[in-house]
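For reference, the chains in residue letters:
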Amino acid sequence: MPRQKSELTKSGKTVGIRVTQSEYEEYMKLGGSKWIRKLLQDSRDKQFLNNWREANGKQDINCIKNP
């Protein structure tokens, strides 16, 4: 799902952690910041979907697109 332009132009938050050299190397092998962004977006979308299903009696999400 594309993000709104306003969301893309806002100054983002920075996340920092301490890792060992081997953890850092694995992070870079997985794709670095692109990988972590995708992981966080997928987690957010999954949480939204679970919350939506709970609120709507576990209906299929496709009914949002095709009422």
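Residues numbered from 1 in each chain as written. Predicted model: local features only at pLDDT ≥ 70, side-chain atom pairs only at ≥ 80, totals over all residues. Heavy atoms only, no water.

### Some remarks on the packing of aromatic side chains
Thinking step 1. Tallied over the full model, the rule gives two aromatic pairs.
Thinking step 2. Centre to centre, the rings of Y24 and Y27 are 6.2 Å apart; their planes meet at 40 degrees, and the pair counts as tilted. Taken together, the residues Y24 and Y27, both in helix α2 (residues 21–30) and three residues apart, mark about one turn of the helix.
Thinking step 3. Between Y27 and W35, the aromatic rings sit 6.3 Å apart at their centres with planes inclined by 75 degrees, giving edge-to-face as the arrangement.
Thinking step 4. Accessibility expressed as a relative area gives 29% for W35, which makes it partly exposed.
Thinking step 5. Through a chain of ring-to-ring contacts, three or more aromatic side chains come together here, namely Y24, Y27 and W35. (Phe/Tyr/Trp six-rings, centres within 6.5 Å; stacked < 30°, edge-to-face > 60°. Helix = DSSP H or I, 4+ residues; strand = E, 2+ residues; numbered from the N terminus. Buried < 20%, exposed > 50% of the residue type's maximum accessible area, 1.4 Å probe, protein only.)

### Comments concerning the pattern of salt bridges
Thinking step 1. Within the structure shown, the criterion is met by two salt bridges.
Thinking step 2. Between K38 and D42 there is a salt bridge, with the nearest N and O atoms lying 3.1 Å from each other. Linking K38 with D42, this pair stays in helix α3 (residues 33–55), spanning four residues, or about one helical turn.
Thinking step 3. Taking relative accessible area as the criterion, D42 reaches 37% and is therefore assigned partly exposed.
Thinking step 4. The salt bridge partner of D45 is R44, with a shortest N-O separation of 3.2 Å.
Thinking step 5. On the accessibility criterion, R44 (41% relative accessible area) is partly exposed. (Salt bridge = Lys/Arg side-chain N within 4 Å of Asp/Glu carboxyl O.)

### Brief notes about the confidence of the model for the protein
Thinking step 1. Taken as a whole, the protein shows an average pLDDT of 80; of its residues, 70% reach a score of 70 or greater.
Thinking step 2. Across the protein, the secondary-structure element scoring lowest on mean pLDDT is helix α4 (residues 62–65), at 60, and the one scoring highest is α2, at 94. (pLDDT = per-residue confidence, 0-100.)

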